Every structure is written in C-alpha cells, then in structure tokens.
Amino acid sequence: MPETTELRLSQFQYDLPDERIARFPLPQRDASKLLVYQSGRIVHARFTDLPGFLPDRSFLVFNNTKVIPARLHFTKPTGAVIELFLLNPVSGEASPSGEPVASQPISLAMEATGSVIWQGMIGNRKRWKPTESLSLTLSTPKGTVMLRASWHDIEQSTVQLTWTPADLTFAEVIRYAGEIPLPPYLKRATTETDRETYQTVYSKQEGAVAAPTAGLHFTPAVFDKLKEKAINSDYLTLHVGAGTFQPIKAEDVREHHMHTEQVIYTRQNLNNLLLNLDTLIAVGTTSMRALESLYWMGVKLLRNELNPFQLDQHFAYQIPTDQQPPAETAIRAVLQYLISTNQESVVAHTGIYITPGYVVKLCKGIITNFHQPGSTLILLIAALIGDDWRTIYKEALANDYRFLSYGDSSLLLP
C-alpha cells in the first residue's frame, strides 16, 4: 500500500443525513440528477443529458453481472428461521491453506442441477444443529420443488443444497426460493419491484449479491442517445460480492482487509480495450476495479508470477514505477495468454484495493453514484480525482442529491 501519505479513516468521512439516503428508486431510471465534474468544474444536469457531457470517442465499459436472489429463509418445525445468504460456490475440497475455493465460474454454478455447495453468511446459525437438514417447499410453474440444506463444513460456513426434481438448474430454484439482497443501509424489507429495479437493464450474467448501481440509471433511451453520438461500449463481468458493503474499521485504511470478487474477461473485451485505451470510461466502481485489475494481471503474466489471475490487495503497490509497463503491453500479455491457451475467456479473482496514492492505469473517468462515508468506494473515487471528492460531495448535499444505491449519479472526469 502507498506509504508516502497518511491515510486515516477520518480523512474520508463526511456527514450524510439519514433523509438523504434514497431508500427507493425514482419511477423513471434516467430521471435522476447528474453531477458532472470535469477538471475541477462542476455542472448540474439530468442523467438523460449524459451523452452530451461525455468526451468525443468515449468508450464506456459496463459490468453486466446480474443480482441473484441470494437470501434463502428456512423455517424449522420449532418456528426458528435460519437465513442463508449465498456468497460464492465452492468445491467439496479445501485449498492447501484450508480455505474453501471457488469450484468454477459462478455462471456455471448457477447452471448446476441437483446439488451445489455454497459458502454463505448464516443467520441464527446457533439454532441449526450440525446433523440437521432444513427444507423448503416451493411452488413453481414446473410444479412443486423440494429444496434441502445441510451443513457441508460448519467452520468454513459452507452449505450443501440439494433439490428435487433434480433436473432444474440452481438459477431456477433460487428464483423461487430466494430474495433479492438489498444493501443493509437501506434498512427496509425487499419488495417484489426490487427484483426489477435493483437490476440494470443490461444485466445478463447471474452471480452478484449486489448491483453495479451506477448502471441502474441507464435506459434504452439513453443508449439510443449514446449511439447517436457514436459513443461505443463493451460489457465485462465482475460478480459484486457482499464485501462491497464491509465497513473500514481500521483508522489506518491501509490495514483494511479487502474482499475478493470473481471477474471474467473475454478476448473480445481485450481487443476492444486495445482499440480504445485513451478514452475508457468505467460505468461504476466495479467496472473500474475490473479494468485496473486487468492491467496488474497482465503485469503478473509478464513477470511470470504464480497465479497471474489471482490479484491481492497489495500487488499493485509492490511494483516499482520503472517496472510498470504501458497499459497496452499489459493487456496484450493477457490477450496472448488466451490465444496461446486457446481460450475465449478467463475467470479471475481480484482483491484490488484502490486508495489515494494509486496511479490509475486505464480509466480516464467514471460514472458513479454517491457512496457511503468512510467506504472503500470513497477511497477509490479519491484515488481518481484527489481531494476534490470533498467539494463534489458537499455540492451534491447542498443541491439535494439522493445518495447511495438508489440515489443520483455523477460523471467524474479528472
């Protein structure tokens, strides 16, 4: 982590009144406010005006992950309710370190039939005995489905889920069994409409437990305007994990343990990025994390590092500046890897931690919502635009912007 500048949690706090948190979305997605920051200047607009503020030849990078109904509730005969919050699928074997490992891309786990093993957060876990099986009867258009949950490894919080009929996919089962997991700071129950409003209109790859919320504002009408302005785009996949809401508790933010998320890059992604390296705009912090991670994975390949597609939170800060190759060189290394191994895509895991002091490699700007005080997302924004983040947030609060996941948007161009 950068050692030159003091990074205290108190530096990244601001006062967010409770009434400024948007607990429900606007009736129309693209009717939200848009704060445009460019080279120190701030303009207020509507999200429908976004295309007019984007620099010519901007290339937008979207995250097409889809939020899954990851909260499952099982009621015991005693009346006790056990909540299983799905985090990530794991194999039946432990890694050498003893940690459960992802068995496959989340998208493949969603297509599994009959049985899966997932790591999760267990609510009321003391009431769930080690040998006890929980069951849930579901009514679906395909008939009655019986879903059962049993402990796989209590210490690792892994649970085996089995269901009959076994020919249904896991995605189909949780569509009827699960609930969309809203961010905890919304402090309200999930409604049926959240199944639609807490997804982007372009969501495709199932596997996230939180939405890439910058994308919630986009509508077919906005996409039409982008097309008219000849602004092109591409979609990669980063499955947003629950760790995105994990608060920083250490006063020195560098001591925070950053969560890891699964990300998928395709050959088409790499080719498109190489053609547009000077104009990349990330749609959301998750897209920025995915793009910046790609650079460092290329660096790992060039350095013949072990596990090039496993990126921890420290690697980016350990490579001296004079040993950091140009962005094009790093991305070409990943592309060459895919070509040489005859793969169309690669599944990677990133724990990148972008804080002030980090030098941004690919992103020339970001479209993003307004984030929680003292969060890793505020640190990422501060890394991109510096101390001006304070001015931006002060301006948004003074102009009645709505904050957090269902709130208003910003376009930040350093």
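In this report, we go over the structure that sits alongside the text. (Residues numbered from 1 in each chain as written. Predicted model: local features only at pLDDT ≥ 70, side-chain atom pairs only at ≥ 80, totals over all residues. Heavy atoms only, no water.)

### Some points on the sheet that holds strand E18 (residues 365-369)
Strand-to-strand pairing in sheets goes through backbone hydrogen bonds, with the strands running parallel or antiparallel. As a reminder of what qualifies: Pairing between strands is defined by DSSP: at least two bridges between the two strands are required. Secondary structure elements are taken from DSSP: a helix is a run of H or I of four residues or more, a strand is a run of E of two residues or more, and numbering for both begins at the N terminus. In what follows, residue pairs with any heavy atoms lying within 4.5 Å of each other are defined as contacts. Between N-to-C directions, angles span 0 to 180 degrees; the directions come from axes that are lines fitted to C-alpha atoms, helices contributing only their stretch in contact.
Spatially, the 10 strands line up as an open sheet ordered E2-E1-E19-E18-E15-E3-E13-E14-E17-E16, and their pairing is mixed. Each edge of the open sheet carries a strand with a single partner, namely strand E2 (41-46) and strand E16 (310-311). Its contacts with the sheet place helix H11 (residues 388-398) against strand E1 (33-38), E2, E18 and strand E19 (409-413), and it is angled at close to 150 degrees to E1.

### Here we look at the nonpolar core
Basically, it comes down to this: Residues belong to a common nonpolar core when they are buried Ala, Val, Leu, Ile, Met, Phe, Trp, Tyr or Cys residues joined through side-chain atoms within 4.5 Å. Working definition: with a 1.4 Å probe on protein chains only, accessible area under 20% of the residue-type maximum means buried, over 50% means exposed, and in between means partly exposed.
Tyr-198, Tyr-265, Trp-296, Trp-389 and Phe-403 are the most contacted members of the largest nonpolar core, which totals 86 residues. Ranked by residue count, the leading element in this core is helix H7 (residues 285-302), at nine residues. By size, the runner-up hydrophobic cluster in this structure holds 34 residues, among which are Ile-82, Leu-147, Trp-163 and Leu-168.

### A closer look at the pattern of salt bridges
Any two side chains of opposite charge can pair, so long as their charged atoms come close to each other. We apply this condition: Here a salt bridge means any side-chain nitrogen of Lys or Arg lying within 4 Å of a carboxyl oxygen belonging to Asp or Glu.
Within this structure, the stated rule accounts for 14 salt bridges. Across the salt bridge formed by Glu-132 and Lys-76, the nearest N and O atoms sit 3.2 Å from each other. Placement of Glu-132 in the loop between strand E7 (115-123) and strand E8 (134-140) and of Lys-76 in the loop between strand E5 (71-75) and strand E6 (81-89) is noted, with a sequence separation of 56 residues between them. There is no split in this pair, since Glu-132 and Lys-76 are both buried. Linking Arg-303 and Glu-305 is a salt bridge whose minimum nitrogen-to-oxygen distance equals 3.2 Å. Residue Arg-303 is classed as partly exposed on the basis of its relative accessible area, which comes to 35%. With a relative accessible area of 29%, Glu-305 lands in the partly exposed category.

### A few points about the packing of aromatic side chains
To keep it simple, the criterion reads: Ring pairs are drawn from Phe, Tyr and Trp, using the six-membered ring of Trp, whenever the two centres fall within 6.5 Å, and their geometry is named by plane angle: stacked under 30 degrees, edge-to-face over 60, tilted for the rest.
According to the stated counting rule, one finds 24 aromatic pairs in the structure shown. Ring geometry for Trp-163 and Phe-170: centres 5.5 Å apart, planes at 35 degrees, overall tilted. A relative accessible area of 0% means that Phe-170 is categorised as buried. Seen from their ring centres, Trp-389 and Tyr-393 are 5.6 Å apart, and the 80 degrees between their planes marks the pair as edge-to-face. Separated by four residues within a single helix, Trp-389 and Tyr-393 lie in helix H11, roughly one turn from each other. With a relative accessible area of 4%, Tyr-393 lands in the buried category.

### Description of helix H10 (residues 376-385)
Of all 10 residues that make up H10, 10 are buried, and the element is covered over most of its length. When H10 is considered as a whole, its buried residues turn out to be Thr-376, Leu-377, Ile-378, Leu-379, Leu-380, Ile-381, Ala-382, Ala-383, Leu-384 and Ile-385. For H10, the secondary structure elements touched by its buried residues are E1, H7, E18, H11 and E19. Directly beyond the C-terminal end of H10, a positive phi value near 80 degrees is found at Gly-386.

### With respect to the pairing of E19
Among the five residues in E19, five count as buried, and that is most of the element. Two elements, E1 and E19, share five bridges in a ladder whose sense is parallel. What sits directly across from Leu-34, in E19, is Ser-409. As paired strands, E18 and E19 are joined by four bridges and run antiparallel to one another. Among the inter-strand pairings, Ile-367 is bridged to a residue of E19, identified as Leu-411.

### Describing the sheet that holds E8
The seven strands are arranged E8-E9-E10-E7-E6-E5-E11 in an open sheet whose pairing can be described as antiparallel. Both outer strands of the open sheet, E8 and strand E11 (178-179), are each paired with one neighbouring strand and no more. As paired elements, strand E9 (residues 143-153) and strand E10 (residues 158-164) share seven bridges and run antiparallel to each other. Paired with Arg-148 across the strands is Thr-162, a residue of E10.

### Examining the pairing of E2
Across six bridges, E1 lies against E2 in antiparallel orientation. Within E2, the position partnered with Leu-34 by the bridge is Ala-45. Between E1 and E2, which pair antiparallel one after the other, the connecting turn spans two residues, and Ser-39 there sits at a positive phi close to 50 degrees.

### Observations regarding the environment of Asp-400
For Asp-400, the position within the fold is in the loop between H11 and E19. Leaving out residues up to four positions away in the same chain, Asp-400 has contacts with Arg-20, Lys-33 and Asp-408.

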